[in-house]
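One-letter residues, chain by chain:
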Amino acid sequence: MNDHDIITLFFERSEQAVAELIFKYESDVKSIVFHVLRDEKDVEECVNDAWLQIWNTIPPARPDSLCAYVCRIAKNISLNRYHANTAKKRNSIYDAALDELENNVPALASVESEYDAKELTEHLNRFLKKLSYDDRYLFLRRYWFGDAVSEIAERMHISTNAASIRLYRIRRKLQGFLKREGMME
């Protein structure tokens, strides 16, 4: 079933919409959540929370990309759980990926600064479009999905060292790009 048909089922409030959504996107959602949390119990709870939130938000939302919408909701739920779980301790797997980006992406003045977040998102999207497919894949797998560098390197059939160097160069390019765009000093 295509995404448009699934969204139509949501608007009809048919429970079949959730079944079709799970059939089509369950493995993607579980992968995203697992790479953030790394705990099967938390993963299962967050995945179920994602399905419920999607049910509660469509309608009124009518996403252009159902996949992106579903993945964003799952990512946000898992990040909230991650922050709750690690409020007083650090999880070296996911924090390491975020720490790598810390000096390359500007900090927003406040959490409520939606305009700044949207502007940064637009700049990041333009930057990602300029990257080669392999560099974009590497960047997204590391910083969106939270994959370990060794896992990405294995999938790309390159050494872990080569992947680390490429990620470093991409972060430097991102920093330069954001400076030229006036997003960083």
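Just above sits the structure.
Note that the coordinates shown come from a computational prediction; the quantities given were computed from them, not determined experimentally.

Caption draft 1: Representation of the overall build of the protein chain within the structure. Along the backbone of the protein chain there are 9 helices and 0 strands. Along the protein chain, helices (α) and strands (β) appear in the sequence α-α-α-α-α-α-α-α-α when read from the amino end. Considering only contacts in the protein chain between residues 6 or more positions apart, those separated by 24 or more positions represent 64%. A total of about 10900 Å² of accessible surface is found on the protein chain, and carbon and sulfur atoms cover 51% of it.

Caption draft 2: Region of the structure containing the nonpolar core. Ranked by size, the top nonpolar core spans 28 residues in total, and within it Phe10 and Leu21 carry the most contacts. At the level of elements, α1 (3–11), α2 (16–37), α3 (40–57) and α4 (66–85) are the ones that each hand at least two residues to this core. In this structure phenylalanine 10 touches Ala17, Val18, Leu21, Ile54, Trp55, Ile58 and Pro59, once residues within four positions along its chain are discounted. One finds Leu131, Met156, Leu167 and Ile170 within the second-largest nonpolar core, a separate group that totals 19 residues.

Caption draft 3: Here's a closer look at the environment of isoleucine 32. By the element assignment, isoleucine 32 lies in helix α2. In this structure the C-alpha to C-alpha distance between isoleucine 32 and lysine 75, which are 43 residues apart in sequence, comes to 6.4 Å. Beyond its immediate stretch of four places on either side in the chain, isoleucine 32 contacts Cys71, Lys75, Trp144 and Phe145.

Caption draft 4: A look at the environment of histidine 83. In this fold, histidine 83 is placed in helix α4. Spatially, the C-alpha atom of histidine 83 lies 9.7 Å from that of leucine 37, the residues being 46 residues apart in sequence.

Caption draft 5: Highlighting the packing of helix α8 (residues 149–156) against helix α9 (residues 160–180). It is the contact of α8 with α9, at a shortest axis distance of 8 Å, that shows an interaxial angle of 105 degrees. Taken together, α8 and α9 sit at an angle that is classed as roughly perpendicular. Residues Val149, Ser150, Ala153 and Met156 of α8 pack against Thr160, Ala163, Ser164, Arg166 and Leu167 of α9. Residue composition of the contact of α8 with α9, grouped by class: 5 nonpolar, 3 polar and 1 charged.

Calculation rules
- Sequence order as written defines residue numbering, which begins from 1 separately in each chain.
- In view of the model being predicted, local features appear only for residues whose pLDDT reaches at least 70, and side-chain atom pairs are presented and counted only at 80 or more, with totals across whole chains, interfaces and linings using the full set of residues.
- Calculated side-chain values reflect all of the structure's heavy atoms, with hydrogen atoms and water omitted.
- The way it works is that DSSP assigns letters per residue, a run of H or I at least four long becomes a helix, a run of E at least two long becomes a strand, and they are numbered from the N terminus.
- In this description, contact between two residues means that some pair of their heavy atoms is separated by no more than 4.5 Å.
- With residues, only the protein chains shown are counted as cover, and all accessible areas are computed by Shrake-Rupley using a 1.4 Å probe.
- Note on terminology: a nonpolar core comprises buried Ala, Val, Leu, Ile, Met, Phe, Trp, Tyr and Cys residues joined through side-chain atoms within 4.5 Å.
- Only protein chains enter the accessibility calculation, which uses a 1.4 Å probe. A residue is then buried if its area is under 20% of the maximum for its type, exposed if over 50%, and partly exposed in between.
- Helix axes use the C-alpha atoms of the stretch in contact, all axes being lines fitted to C-alpha atoms, and the angles between their N-to-C directions lie in the range 0 to 180 degrees.
- Reported orientations rely on four angle classes, namely roughly parallel under 35 degrees, roughly antiparallel over 145, roughly perpendicular from 65 to 115, and oblique for the rest.
- By the convention adopted, Pro, Cys, Tyr, Trp, Phe, Met, Ile, Leu, Val and Ala count as nonpolar, Lys, Arg, Asp and Glu as charged, and the other residues, Gly among them, as polar.

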